[in-house]
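# Reading the structure
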Amino acid sequence: MTSDNSAATPDFSVVVPVFDEGGAAPALAREIAAAFAGESYEMIFVDDASRDDTKALLTALKAEIPQLRVLGHRKNSGQSRSIRSGILAARAPIVVTMDGDGQNDPADAPRLAKALQVAPPELALVGGERVKRQDSNAKRFASKFGNGVRKRLLKDTANDTGCGLKAFRREAFLRLPYFDHIHRYIPALMLREGYEIAFQPVNHRHRETGVSKYTNFGRLKASVSDLFGVMWLQSRARNPQGVDEA
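Right, let's walk through the structure included here. Source: prediction; values computed, not measured. (Residues numbered from 1 in each chain as written. Predicted model: local features only at pLDDT ≥ 70, side-chain atom pairs only at ≥ 80, totals over all residues. Heavy atoms only, no water.)

## Concerning the nonpolar core
Counting residues in hydrophobic clusters, the biggest one holds 32 residues, and the most contacted among them are V16, I32, M43, F45, I65, M98 and L165. Secondary-structure elements contributing two or more residues to this core are β1 (12-18), α1 (25-35), β2 (41-47), α2 (54-61), β3 (68-72), β4 (94-97), α4 (109-117) and β5 (123-130). Top element by residues in this core is α1. It accounts for 5 residues. Residues I44, A124, L176 and L233 belong to the second largest nonpolar core, which totals 26 residues. (Core = buried A, V, L, I, M, F, W, Y, C linked by side-chain atoms within 4.5 Å. Buried < 20%, exposed > 50% of the residue type's maximum accessible area, 1.4 Å probe, protein only. Helix = DSSP H or I, 4+ residues; strand = E, 2+ residues; numbered from the N terminus.)

Right under this line is the structure:
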């Protein structure tokens, strides 16, 4: 397979949302390039109107990494919107997302992408589940509690929807109803649409630079309304089990 940035449709599009991640983004881009070396891919960083030099540093890397594309929001719009902007711009049928802070390990990304590539079309998502979380005790507890409540209420079979590392079919994602913070509910919405999902363990790393853009209270405040919203969407779903043309 070729790894140039030609007009040919790549196999994989790696989408990374970033906001004020000038300390992490360039190194992360190089790690992604190393992980996908020899593959047909493109890399899309979406800068969410950063206040630092994130966008400038990434733009300067385009000469070094020809597969790199840099998009920029004119106004800060959040992680979910950044992911969606990247997916709308993506050219590959399979999209891989990961967080821009460097805590997701790019070395795991090709494994998830290739597992989906060879899977039957009804499998639309292969999500990562972080092992040996490198976060504070408070953050790990809040995540475990939130994941438990969500999994019980939505029955989405996911132990860790907060993991940013996911591989999914672009077409399937674009069928999902969009709302802010959708990135935490992609597994449930894929199931709602009639797709199958799977998960694989992935590495998790310490944050080396920058600060988290979320607080436990902020996550809780958003998740309550989102959770009830997704439950409502599930209650209004009717699955035809496929469509046949006569």
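Once the structure has been displayed, the description carries forward.
## A word on the packing of α1 against α2
Packing of α1 against α2 brings their axes to within 9 Å, and their N-to-C directions diverge by 35°. The crossing of α1 and α2 is right-handed. Residue-level contacts link A25, P26, A29 and R30 of α1 to T54, L57, L58 and L61 of α2. Here the residues of the contact of α1 with α2 sort into 6 nonpolar, 1 polar and 1 charged. (Axes fitted to C-alpha atoms, helices over the stretch in contact; angles between N-to-C directions. Left-handed = near helix turned anticlockwise from the far one by under 90°. Contact = heavy atoms within 4.5 Å. Nonpolar A, V, L, I, M, F, W, Y, C, P; charged D, E, K, R; others polar.)

## Quick word on the side chain of T161
With respect to the helices and strands, the residue T161 is situated in the loop between α5 (137-154) and β6 (166-169). A polar atom in the side chain of T161 sits 3.2 Å from the backbone oxygen of R184. (Polar contact = N/O pair within 3.5 Å; in protein donor to acceptor, adjacent residues only side chain to side chain.)

## Quick look at the sheet that holds strand β7 (residues 196-202)
On the basis of which strands lie adjacent, the open sheet formed by 7 strands has the order β3-β2-β1-β4-β6-β5-β7 and mixed pairing. Only two strands of the sheet have a single partner each, and these edge strands are β3 and β7. Adjacent strand axes in the sheet meet at a mean angle of 20° when their direction is disregarded. Looking at chain direction, β2 and β3 are connected through 5 bridges and run parallel. Residue pairing in the sheet places D47 in a bridge with G72 of β3. α1 contacts β1 and β2 of the sheet and is inclined by roughly 165° relative to β2. In the packing of α4 onto the sheet, the strands contacted are β1, β4, β5, β6 and β7, and the crossing angle to β5 comes to about 155°. (Pairing = 2+ DSSP bridges.)

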